[in-house]
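Survey of secondary and tertiary structure
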Amino acid sequence: MAFKRFFTTLLIFAGIAGIYSFARFADDPLVKIKQLLDKWANEEPVEKVYLHLDKPYYAAGEDIWFKAYVVSGSSHQLSVISRIVNIELIDERDSIKQSVKLPLIGGVANGDFALPDTLHQGNYRIRAYTSYMRNAGSNYFFNEAVTIVNTITAGKDPIAKRSAINRGAGKIDVQFFPEGGYLVNDITTKVAFKSVAPNGLGVDIKGTITDSKGQQVAQFNSTHLGMGQFEMTPRAGVTYQAKITNANGSENISTLLKAVYRGYVLNIADYDARNLQVKITASGVLFMDDPNQQVTLVAQSAGKIYYSEKTKPGSAVFTSVIPKSKFPSGIVQFTLFSSVGEPLNERLVFIQNPDQLNLTVAADQQAYAPQQKVKLTVNAQTNEHKPAAGNFSVSVIDETRVPVDENTENNIMANLLLTADLSGYVERPAYYFNNKNDKTRADLDVLMLTQGYHRFEWKQLLKGALPAKQYQPEHSLQVSGTVLTVGGKPVVNGKVKLFDLDSIQYSRDTVTDEHGRFIFKNLTFDDSVRFIVQARTSKNKRNVDIKMDKLLPASTSGNKNMPDFDINVSNNLSVFAQSSKRLYQEEREYGLGNHVISLQEVVIREKREALKYSSNLNGPGNADQIIMGKELRDLGCVNIADCLQGRLLGVIFRNGIPYSTRDYRPMQLIVDGTYVGPQYLNNLNYVDIQAIEILRNVGLTSVYGGRGGSGVLLVTTRHGGDNDDYPEPIYGRGITTYYPKGYYKARVFYSPRYDRPKTNKQLADLRTTICWKPDLLTGKDGKASFEYFNAGSKGTYRVVVEGIDNDGHLGRQVYHYEVQ
């Protein structure tokens, strides 16, 4: 009993010390650290995006349904920072295949992608971000790998084979991470390690640590996905190396970091289920030099300090027990600072508090039959068993036909609490949340030892030298640009009008500022809008040029989740592919779905009309393939390369550069007879293009000599007198057309009703996504109900409910029922 009273008193004292720590150390660097963190958190609050998808993989011709949750801060409340979210479907070559811009209402939005049945089978990813998130870099975007099978072209598409070749070479990479950052002489230190195969995935290893005399000082075995830990006590003047044995029996040697004489070791471990124990140990040399030296430990999450404490003078070892309840769930960064405010050691800790929602799903009966109506009730409660009003989404799939590995799929907990705050790749993050036990918690702690926090760098923060924000939060759509004189000088107080080309009654007026800038704010328009922008000087003269602003999408290069791409697409999804093929055949029969009609080859025997103004040295129109400019207009692509990707035979695009599949080298780009670099293609506006001629055959490229060795793309721009089938873009002094990307109008998921005679039951029976409800709202009682019909198939049906309550508590529940 005395020990319990002492421990309780210790916890109370620790809490009081934390509250008054800033007042007690008003003259130390902690005050500055807190001020700078507060400034960073206020000026650059953390924003995250999570997408709930209806299922983990898809077939060409299907629809991808999703709901976006945008949260901010460590409390994960639905964000009010941004009001627009961008969502993109990107292929393995980093080309954007589809993109939508959605308005956020209360931090959420729902949308969809219609996948054409001509889409190549392979690896794709869905990326989501707000414009404001671009300041932190694309590593903090939402990225989820999805596999798309094509039952029609399966076996013909070489994407999967190329993936295996490109990712299969190289050696296993093993890295060692001393806890806190350093090995210090004569202090026992925990060392984590991580072994990564050439494909980016963890691989099991084992081995021993030996000193320079060949004596074994430690041994190690990986415990999860190539990660593990061991302890060692380095000695002065001794070097250490690791003898590593890989799973295939091969061996290699790695040298460990050299231990330092002067420094600290920061150790953090579980004291018990509810508390952490921190241990800070100073090296003997450091302590002997100044026994009264004090250091300060600071723990922060999303820029908010939740704990700080100063070590006591006169002792080389400092320990403290900290209640986990002081911190929010998620990643907490512990940093040790010197007496002058220099960061010395760092350690990430993952906090798993019971502060998330308890979700339950109840069915209206115990057993169901195919095609039967189902009623489900969702009940959301806080960890204090109080009803929770929140915003949720629900997906129901036939798991018999869409097998799911819960450890490889994404979920709201793993994303918003873990991966969204790490710039590095995390393999199978859901594993740490699906079955919480001592093993998963220990594995998660090892993961934290191998990761670094990079949302800011302490040295930059303490100098007040954080980079300026390049991207501001988007609150609405806008149209902006600059009005210049013919000589390139800004037109001040110029008159600018904005017209909708399809609804000329819609117009806006504004004037330019001292820099010639103009902006139309608070606009709402869809993604097919066509604007006319007209400008005049203050004296109503039209002899001006208009330069429109164009915000290009974030770069697609550097996908940190590349290891998630499944190399062997077809074999792993054979069950799903068979079901998708049956659905495809039925939809084609009834003329439904996202399908195109394949025509037999047609031979044109009449001579084709020569292209006007073409600079083709073989003669206008003498090419392997021709894409007319009018074909590009309605594709809705952000860049020309995106419009052409998949439409040119033997040509692929990477980062906007055309490559020939013959030798995978950049093709020569020629615009109106001028040789330009291949990266210039995306600088062109599709409305300016008359035609693009593709030359790949050696008989056509030889006339261009060495420059044409990898093929030639000839671009002919439009000239006066062109007779296209679509309205001529309006150009001239003081007037221009502008086609910005507007809001996508999301479709409504069709849930068939078997109690209606007009329902096509044959099609409805083949569904794999049984129900998708992105707008489930629980009321004050924490409850919400919805209904749908089962498909015609028997098996195990899987219900996934995810969402957030009004206070930022996350919730996820998986429920199964049988259809017999």
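You'll find the structure just up there.
What counts and how
Residue numbering note: each chain is counted from 1, following its sequence as written. Reporting of local features is limited, given that this is a predicted model, to residues whose pLDDT is at least 70; pairs of side-chain atoms are given and counted only at 80 or more, and all residues count toward the totals for whole chains, interfaces and linings. Derived side-chain values reflect all non-hydrogen atoms in the structure, with water molecules and hydrogen atoms excluded from consideration. Any Lys or Arg side-chain nitrogen found within 4 Å of a carboxyl oxygen on Asp or Glu counts as a salt bridge. Only DSSP runs of H or I covering at least 4 residues are called helices, and only runs of E covering at least 2 are called strands; the numbering of each starts at the N terminus. Buried, partly exposed and exposed residues are distinguished by accessible area as a fraction of the type maximum, computed with a 1.4 Å probe on protein chains only: under 20%, between the cut-offs, and over 50%, respectively. At least two bridges found by DSSP between two strands is the condition for calling them paired. Between N-to-C directions, angles cover 0 to 180 degrees, with each direction set by a line fitted to C-alpha atoms, over the stretch in contact for helices. Pairing of aromatic side chains requires ring centres within 6.5 Å, counting the rings of Phe and Tyr and the six-membered ring of Trp. Pairs whose planes differ by under 30 degrees are stacked, by over 60 edge-to-face, and all others tilted. Helix span, as expected, comes to 1.5 Å for every residue beyond the first. Pairs of N or O atoms are called polar contacts if they sit within 3.5 Å, as long as, within protein, a hydrogen donor faces a hydrogen acceptor (for residues adjacent in sequence, only side-chain-to-side-chain pairs). Nonpolar cores were defined as sets of buried Ala, Val, Leu, Ile, Met, Phe, Trp, Tyr and Cys residues, with membership established by side-chain atoms within 4.5 Å. Contacts: residue pairs with any heavy atoms within 4.5 Å of one another. Note that the arc is computed from the directions linking the helix axis to the C-beta atoms. Patch definition: residues above 30% relative accessible area lacking any salt bridge, with like charges linked at up to 9 Å and the nonpolar side chains Val, Leu, Ile, Met, Phe, Trp and Tyr linked at up to 5 Å. Accessible surface area values rest on a Shrake-Rupley calculation with a 1.4 Å probe, where residue burial reflects the displayed protein chains alone.

This part is about the pattern of salt bridges. Between side chains of opposite charge, a pair can form when the charged atoms approach closely. Scanning the entire structure with this criterion turns up 25 salt bridges. A salt bridge links Asp63 to Arg747; the nearest nitrogen and oxygen atoms lie 2.8 Å apart. One end of the pair, Asp63, is in strand β3 (residues 63-72); the other, Arg747, is in the loop between β40 (735-738) and α14 (761-764), and 684 residues separate them in sequence. Arg747 gets classed as partly exposed once you look at its relative accessible area, which sits at 31%. Lys373 is the salt-bridge partner of Glu787, the closest N and O atoms lying 3.8 Å from each other.

In this section: the sheet that holds strand β21 (residues 317-323). Sheet strands associate in pairs through backbone hydrogen bonding, adopting either a parallel or an antiparallel arrangement. Strand order in the open sheet formed by three strands is β17-β18-β21, and the pairing between neighbours is antiparallel. Both outer strands of the open sheet, β17 (264-272) and β21, are each paired with one neighbouring strand and no more. Direction aside, neighbouring strands of the sheet carry axes that sit 20 degrees apart on average. Sheet topology note: the β17/strand β18 (residues 275-282) ladder contains eight bridges and is antiparallel. Residue pairing in the sheet places Asn267 in a bridge with Lys279 of β18.

The antiparallel open sheet is built from three strands, whose spatial order is β30-β27-β32. If you trace the sheet from one side to the other, it starts and ends with β30 (517-523) and β32 (544-548), each paired once. Recorded for the sheet is a direction-independent mean angle of 25 degrees between the axes of neighbouring strands. As paired elements, strand β27 (residues 477-485) and β32 share five bridges and run antiparallel to each other. In the strand pairing of β32, Gly481 is matched with Met548.

Counted according to the given criterion, the structure contains 22 aromatic pairs. Summarising the aromatic geometry, the rings of Phe66 and Phe113 are spaced 5.3 Å apart at their centres and angled 55 degrees between planes, so their arrangement reads as tilted. Taken together, the residues span a long stretch of sequence, with Phe66 in strand β3 and Phe113 in strand β7 (residues 108-114) at a distance of 47 residues. Of the two residues, Phe66 and Phe113, neither departs from the other in class, the shared state being buried.

Before going further, it helps to examine the environment of Ala247. Tracing the sequence through the fold places Ala247 in the loop between β15 (240-246) and β16 (251-255). Overall, the relative accessible area of 64% leaves Ala247 in the exposed class. The spacing of Ala247 and Asp204 is 43 residues in sequence and 5.8 Å in space, taken between C-alpha atoms.

Another aspect to go through is the pairing of strand β33 (residues 625-628). Residue alternation in β33 divides its side chains into a buried set, Gln625 and Ile627, and an unburied set, Ile626 and Met628. Bridge analysis of β33 against strand β38 (residues 689-695) gives four bridges, and the strand direction is antiparallel. Note on β38: the bridge partner recorded for Ile626 is Glu693.

Attention shifts here to helix α7 (residues 438-449). Here α7 spans 17 Å end to end across 12 residues, near enough to the 16 Å set by a 1.5 Å rise per residue. Listed in full, the buried residues belonging to α7 are Thr440, Asp443, Leu444, Val446, Leu447, Met448 and Leu449. For α7, the capping residue at the N-terminal end is Asn437, with a side-chain oxygen 3.0 Å from the backbone nitrogen of Lys439.

The bulk of non-glycine residues show a negative phi, and the bulk of peptide bonds are trans. Here the phi dihedral of Gln371 falls at roughly 65 degrees; this positive angle occurs in a residue that is not glycine. Examined against the element boundaries, Gln371 turns out to sit in the loop between β24 (358-363) and β25 (373-381). You will see that Asn493, though not glycine, has its phi angle at about 60 degrees, which is positive.

If you look at the biggest cluster of nonpolar residues, it comprises 58 residues, and the most contacted ones within it are Ile87 and Leu418. Among the elements that make up this core, the one with the highest residue count is β3 (six residues). Contacts of Ile87, omitting those with residues within four sequence positions, involve Leu51, Phe66, Ala68, Gln98, Ser99, Val100, Leu102, Phe113, Ile126, Arg127 and Ala128. Val374, Leu776, Tyr788 and Ala791 belong to the second largest nonpolar core, which has 24 residues in total.

Over its 15 residues, helix α2 (residues 29-43) runs 21 Å from end to end, which matches the ideal 21 Å to within 8%, given 1.5 Å per residue. Here α2 has its buried residues at Leu30, Ile33, Leu36, Leu37, Trp40 and Ala41. On an axial view of α2, the arc spanned by its buried residues comes to 135 degrees, and they lie on one face. Counted as exposed and oriented over 90 degrees from the buried face of α2: Gln35 and Asn42.

Right, let's talk about a nonpolar patch on the surface for a bit. Residues Leu617, Tyr675 and Val703 make up a contiguous nonpolar surface patch of roughly 270 Å² in combined accessible area. As for its placement among the helices and strands, Tyr675 is situated in strand β37 (residues 674-676). The class for Tyr675 is partly exposed, based on a relative accessible area of 35%.

What follows covers the pairing of strand β8 (residues 122-129). Most of β8 is tucked away, with eight of its eight residues classed as buried. Of the strand pairs in this sheet, strand β5 (residues 84-91) and β8 are connected by six bridges, and their pairing is antiparallel. Across the sheet, residue Ile90 finds its bridge partner in β8, namely Arg125. Inspection of the sheet shows β8 paired to strand β9 (residues 142-149) by seven bridges, in the antiparallel sense. Looking at the pairing, Tyr124 lines up with Val146 of β9.

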